[in-house]
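Summary of the model geometry
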Amino acid sequence: MQRRTWGAVACAVAALWATGAQAQANYPNQPITLLVPYAAGGTTDVLARALANSMGKLLKQSVIVENRPGAGGSMGVVEMLKTKPDGYKLTLTPVGIFRQPYLQKTPYDPIRDVTYIASFATYDFILGVSATAPHKTLKDLVDYAKKNPGAIDYGTPGKYSGNQVAMVLLGKAVGTEFVHVPFKGDAENVNALLAGHIKSSVSTNSIMTFIESGKVRPLAIASEQRSPAFPNLPTFKEQGYDVVVPSPLGVGGPKGLPQPIVEKLDAAVKAALQDPDFQRVVKNYGIRTDYRDAKTYTEFARTTFSGEKALVQSMGLND
């Protein structure tokens, strides 16, 4: 009797394994959802929709974008906690997800609860003011802020974002404080600047069109080197301020995502970067591609999560 029972169990396990293997081999056979943890209309949203469209071509299934703004860009990762590891719900994984656990209690562990699939782009953080503002250079803005503590505010697409990190680093470098005004996304942030509700803004590449139209005056970019999209815009470092904020953006899934599915999605991300439609969006927004495969991106996640603790403590973001 016992032997027959174990035999039945073994058969059941084998049947389940075969079913799972077949599902992985046939993946995907239905639409995939890609969560974007920011509001619609910003750089991340536009880039995600272009990526989804291009990935869908290779996967031969629709990749549908859903916006989940809030919680410092971590709402997509939170959603992964209750998502089946079948590859049909994914999320963008901004660097902020590694910072958030050191700032407040979070329901997720960015290493334990996420399968990292690939990175595909990197943000540029650009400090700008209205074209009518009196500050012509970054030094002008800094000098004014030092003489008038609390007088210069700046908008970002969210609290604890890389945008905020850039200005906290600048404030510490020059010995003054800039007042943070968080919005739900880049679109609200830039609109507030143009309407005169804030004196400065740290935005990603969505600000490019406003710079080109002459409505926004860029003062600095928080990258290690000048961006090809903004060749005449000096970095913070060039102007004497040690402010560099790297911020790769990638795609992740729930923990336990089977390796065959990870490999298919990784290949789709890589192929998407070569799609002319995706390249057109990248060029229009001045975005830099930054591909890391699943293995390399997972290593990046571990290293970054470890390093964010010291960054948060040194900057006093969790005070």
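This report concerns the structure included in the present document. (Residues numbered from 1 in each chain as written. Predicted model: local features only at pLDDT ≥ 70, side-chain atom pairs only at ≥ 80, totals over all residues. Heavy atoms only, no water.)

This part takes up the overall build of the chain. Assigned secondary structure in the chain consists of eleven helices and eleven strands. For 319 residues, the compact-globule estimate of 2.2 N^0.38 gives 20 Å, and the C-alpha radius of gyration of the chain, at 22 Å, lies within 12% of that figure. The C-alpha extent of the chain, read off along each of the three principal axes, is 85 × 45 × 30 Å. Within the chain, buried positions represent 50% of all 319 residues. Relative to all contacts within the chain whose residues are 6 or more apart in sequence, the contacts with residues 24 or more apart total 76%. For the chain, the exposed area adds up to about 14700 Å²; of that, 54% sits on carbon and sulfur atoms. (Helix = DSSP H or I, 4+ residues; strand = E, 2+ residues; numbered from the N terminus. Rg over C-alpha atoms; globule rule 2.2 N^0.38 Å. Buried < 20%, exposed > 50% of the residue type's maximum accessible area, 1.4 Å probe, protein only. Contact = heavy atoms within 4.5 Å. Areas by Shrake-Rupley, 256 points an atom, 1.4 Å probe, with all protein chains shown as cover.)

So, about the side chain of Ser119. Relative to the assigned elements, Ser119 resides in strand S4 (residues 114-122). We classify Ser119 as buried; its relative accessible area is 0%. Side-chain polar atoms of Ser119 contact the backbone oxygen of Asp290, separated by 2.7 Å. Among the polar contacts made by the side chain of Ser119, one reaches the main-chain amide nitrogen of Arg292 at a distance of 3.0 Å. In contact with Ser119, not counting residues within four places along its chain, are Leu249, Gly250, Val269, Asp290, Tyr291, Arg292 and Tyr297. (Polar contact = N/O pair within 3.5 Å; in protein donor to acceptor, adjacent residues only side chain to side chain.)

Within the open sheet, the five strands sit side by side as S7-S6-S8-S5-S9. Their pairing is mixed. At either end of the open sheet lies a strand with only one pairing partner, and these are strand S7 (179-182) and strand S9 (216-221). Strand-to-strand twist across the sheet, computed as the mean angle between neighbouring axes with direction ignored, equals 30 degrees. Pairing between strand S5 (residues 126-130) and strand S8 (residues 200-203): three bridges, direction antiparallel. Residue Gly128 lies in a different strand from S8, and its bridge partner there is Ser201. Sitting on the sheet, helix H6 (residues 162-174) is in contact with S5, strand S6 (153-156), S7 and S8, with an inclination near 155 degrees to S6. (Pairing = 2+ DSSP bridges. Axes fitted to C-alpha atoms, helices over the stretch in contact; angles between N-to-C directions.)

Counting residues in each nonpolar core, the largest one holds 63 residues, and the members touching the most others are Met55, Phe120, Leu138, Leu170, Phe236, Val251 and Leu265. The element that contributes the greatest number of residues to this core is helix H2 (residues 43-59), accounting for seven residues. Apart from the residues lying within four places of it in its own chain, the contact partners of Leu265 are Tyr27, Ile32, Met55, Leu59, Leu90, Ile117 and Leu257. (Core = buried A, V, L, I, M, F, W, Y, C linked by side-chain atoms within 4.5 Å.)

The next point concerns the packing of H2 against helix H9 (residues 259-272). Relative orientation of the contacting elements H2 and H9 amounts to 120 degrees, with a least axis distance of 8 Å. In terms of their interaxial angle, H2 and H9 are classed as oblique. The two elements H2 and H9 cross, and the hand of that crossing is right-handed. Note on element contacts: H9 touches H2 through Lys264, Leu265, Ala267, Ala268, Val269, Ala271 and Ala272, opposite Leu51, Ser54, Met55, Leu58 and Leu59. (Parallel < 35°, antiparallel > 145°, perpendicular 65-115°, else oblique. Left-handed = near helix turned anticlockwise from the far one by under 90°.)

Moving on, we get to the packing of aromatic side chains. In total, this model carries seven aromatic pairs according to the counting rule given. Considering the side-chain rings of Tyr297 and Phe300, the 6.0 Å spacing of their centres and the 15 degrees angle between planes classify their relative orientation as stacked. Of the two residues, Tyr297 and Phe300 both sit in helix H11 (residues 294-315), three residues apart, roughly one turn of that helix. In this structure, Tyr297 and Phe300 share a single accessibility class: buried. The positively charged end of Arg292 is found above the aromatic ring belonging to Phe300, 4.7 Å away from the centroid. (Phe/Tyr/Trp six-rings, centres within 6.5 Å; stacked < 30°, edge-to-face > 60°. Lys NZ or Arg CZ within 6 Å of the ring centre and 35° of its normal.)

Attention shifts here to the sheet that holds strand S10 (residues 248-254). On the basis of which strands lie adjacent, the open sheet formed by six strands has the order S2-S1-S3-S10-S4-S11 and mixed pairing. Two strands bound the open sheet, and with one partner strand each, they are strand S2 (63-67) and strand S11 (288-292). Averaged over neighbouring strand pairs, the angle between their axes works out to 30 degrees when direction is ignored. Direction of pairing for strand S1 (residues 32-36) relative to strand S3 (residues 89-93): parallel, over a ladder of three bridges. Each residue of the ladder has a partner; that of Leu34, found in S3, is Leu90. Lying over the sheet, H11 contacts S3, S4, S10 and S11, oriented at roughly 95 degrees with respect to S4.

So, on to H6. Between the first and last C-alpha of H6 there are 19 Å, a value that for 13 residues agrees with the 18 Å anticipated at 1.5 Å per step. Most of H6 sits inside the fold, with ten of its 13 residues counted as buried. One or two positions beyond H6, positive phi appears at Gly175, with a value near 80 degrees. (Expected span 1.5 Å × (residues − 1).)

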